[in-house]
Every structure is written in C-alpha cells, then in structure tokens.
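Observations on chain architecture
Chain residues, written in single-letter form:
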Amino acid sequence: MSQPAATVEQEERWKRYWHRFLAFAEQIPDRKPTRWNVSATAALASLVLIWALLFISTWGTWGSISIDNGREMYVPWELAQGKILYQDIWYLYTPGGPYLNSLLFRIFGSQLAVLYWGGSLAALGCAVLLFAIGRRLSSALAGWTAGAVVLAEAFIPDLFSFPLPYSYGAVYGALATCLFLWIAVHAIEAAGSGWVLG
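These remarks concern the structure in this document. For clarity, every value in this text was computed on a predicted model and none was experimentally measured.

Here is what the cut-offs are and how they apply
- Residues numbered from 1 in each chain as written.
- Predicted model: local features only at pLDDT ≥ 70, side-chain atom pairs only at ≥ 80, totals over all residues.
- Heavy atoms only, no water.
- Salt bridge = Lys/Arg side-chain N within 4 Å of Asp/Glu carboxyl O.
- Helix = DSSP H or I, 4+ residues; strand = E, 2+ residues; numbered from the N terminus.
- Buried < 20%, exposed > 50% of the residue type's maximum accessible area, 1.4 Å probe, protein only.
- Core = buried A, V, L, I, M, F, W, Y, C linked by side-chain atoms within 4.5 Å.
- Contact = heavy atoms within 4.5 Å.
- Axes fitted to C-alpha atoms, helices over the stretch in contact; angles between N-to-C directions.
- Parallel < 35°, antiparallel > 145°, perpendicular 65-115°, else oblique.
- Left-handed = near helix turned anticlockwise from the far one by under 90°.
- Nonpolar A, V, L, I, M, F, W, Y, C, P; charged D, E, K, R; others polar.
- Phe/Tyr/Trp six-rings, centres within 6.5 Å; stacked < 30°, edge-to-face > 60°.
- Lys NZ or Arg CZ within 6 Å of the ring centre and 35° of its normal.
- Patch = residues over 30% accessible without salt bridge, like charges linked within 9 Å, V, L, I, M, F, W, Y side chains within 5 Å.
- Areas by Shrake-Rupley, 256 points an atom, 1.4 Å probe, with all protein chains shown as cover.

Before going further, it helps to spend a moment on the pattern of salt bridges. Enumeration according to the criterion identifies 4 salt bridges in this entry. Lys 15 serves as the salt-bridge partner of Glu 12, at 4.0 Å between the closest nitrogen and oxygen. One end of the pair, Glu 12, and the other, Lys 15, are both in helix α1 (residues 5-27), 3 residues apart, so they sit about a helical turn from each other. We classify Glu 12 as partly exposed; its relative accessible area is 39%. Residue Lys 15 is classed as partly exposed on the basis of its relative accessible area of 44%.

This is the structure:
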C-alpha cells in the first residue's frame, strides 16, 4: 500500500529541512574553551562588585513580610525546631527551599539576615555561572551581560527579589538550573565522563 501524496511530500520537506540544518551546523566553527585572562577576570570581578553594591545599597528593602514572605521565614524556622514538612507544617510547594533554609538556620542561627545572604549568594552564583556559560558558548560580553541583568533584577525592592523572594524554591531552582546548564555545556564538549567534575 502506498502513502498518500501529501504524506510523501511532507517527508520530503522535512528531509530538506533536516539537510539544511545539518549544513548550517557544519558551518558553525568549533569553539575551544577560552582560558581565563585579565579581561575575563576583570569582568568576573566587576560582576562581584555589582553584586556587592546592589546587596549593600538595597539592604532590607526586599520582599513584603506582611503579605507573602512570612511563610519563607516561618517554615524553615519551624523545621529547624524539629518539625516535619507536610506532616507538622502545611506547605504548598516543594521541600527544597525550606529544608535548605532550615539547614542555614541551624548553622548560622534563625535570623532574617541568614535568608538575605542565602538568596543574595544564589543571585551571585547565577550571575557567575551565566558569565561562564556565555564565555564558553559565544563571548565574554554576552555572558557578562546575562549575569549583570540577573543581578539587576535580583535586587529589586519587590516581592520577587532573590534575597527575600516569594518562594526560595524559585531562587534555589534558578541557581540549580544555571548549574545544570553549565554542566550540560561541558558535557557536550567532553570526550569522556570527566565533564561530571567540570
């Protein structure tokens, strides 16, 4: 039984698209990882400086304790006291953020500043990883721009900032996403399994 003409035509069209894509992909030059030099180090240092300036200049203006952010402080505090999430405490979201913040509370004490530092360092981690990914994929300027935009957005005095967000799960999820993207970029270029270690 033969295929209808429309189906055969669609297959031919997809084959042409696929061959065009392969021809385009062959034109992309192989990019070898660039070594760290003075300009890359200066760009990274400028991201850290931007982070520090934003962190200091916007201190305590993040979130809205009276509206939604109270949960992000109360739940980890209760977990640090020994309660169990979903059994002793009703919580609508995934457990990663509260348990990580609970661990931070146990190590550094139950203070709002601990959460500020946790979210702020997550923003810095995202910026640094995006810079490294950008350097690896296209250019240091592209990576630096992506990192700087994340930092600019991370410290807005609003409910959706990194230091005191609506949900720390989203903040730590953004950091994990950047980390996994960095690992994926290394995995694509790696010949063996050594990419797992970076």
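Soluble, globular proteins show a tendency: their nonpolar side chains are buried together. Core analysis: the largest hydrophobic core is formed by 29 residues, its most contacted members being Leu 151 and Phe 155. Of all the secondary-structure elements, those providing two or more residues to this core are α2 (38-57), α4 (96-108), α5 (112-137), α6 (140-154) and α7 (168-189). With residues up to four places along the chain from it excluded, the contact list for Phe 155 reads Trp 51, Leu 54, Phe 55, Thr 58, Trp 62, Ser 120, Ala 123 and Pro 163. If you look at the next biggest cluster of nonpolar residues, it comprises 5 residues, including Val 75, Leu 79, Leu 85 and Tyr 91.

Moving on, we come to the packing of α4 against α5. Axis angle and axis distance: for two packed helices, these are the angle between their axes and the distance between the axes, and together they describe the pair. Look at α4 against α5: their axes get within 10 Å of each other, and the N-to-C directions meet at 125°. By the criterion of interaxial angle, the relationship of α4 to α5 is oblique. α5 is crossed by α4, and the crossing has right-handed handedness. Between α4 and α5, the contacting residues are Asn 101, Leu 104, Phe 105 and Phe 108 on the first element and Val 114, Leu 115 and Gly 118 on the second. Per-class residue counts for the contact of α4 with α5 are 5 nonpolar, 2 polar and no charged.

Here the structure, examined in full by the defined rule, presents 15 aromatic pairs. Here Trp 51 and Phe 55 contribute two aromatic rings whose centre-to-centre distance is 5.4 Å and whose plane-to-plane angle is 10°, an arrangement assigned as stacked. Taken as a pair, Trp 51 and Phe 55 lie in helix α2 at a separation of 4 residues, close to a single helical turn. Among the residues examined, Trp 51 registers a relative accessible area of 9% and is labelled buried. On the numbers, 5.3 Å between centres and 75° between planes, the contact of Phe 55 with Trp 59 is edge-to-face. Overall, the relative accessible area of 5% leaves Phe 55 in the buried class. The class of Trp 59 is partly exposed, set by a relative accessible area of 42%. The structure contains a cluster of three or more aromatic residues connected by ring pairs, namely Trp 51, Phe 55, Trp 59, Trp 62, Tyr 116, Trp 117 and Phe 155. Above the ring of Tyr 166, the side-chain terminus of Arg 71 is found at 4.7 Å from the ring centroid.

Attention now moves to a nonpolar patch on the surface. Taken together, the side chains of Leu 100, Leu 103, Ile 107 and Phe 108 define a hydrophobic patch exposed on the protein surface, amounting to about 390 Å² of accessible area. By relative accessible area, which is 34% here, Leu 100 ends up partly exposed.

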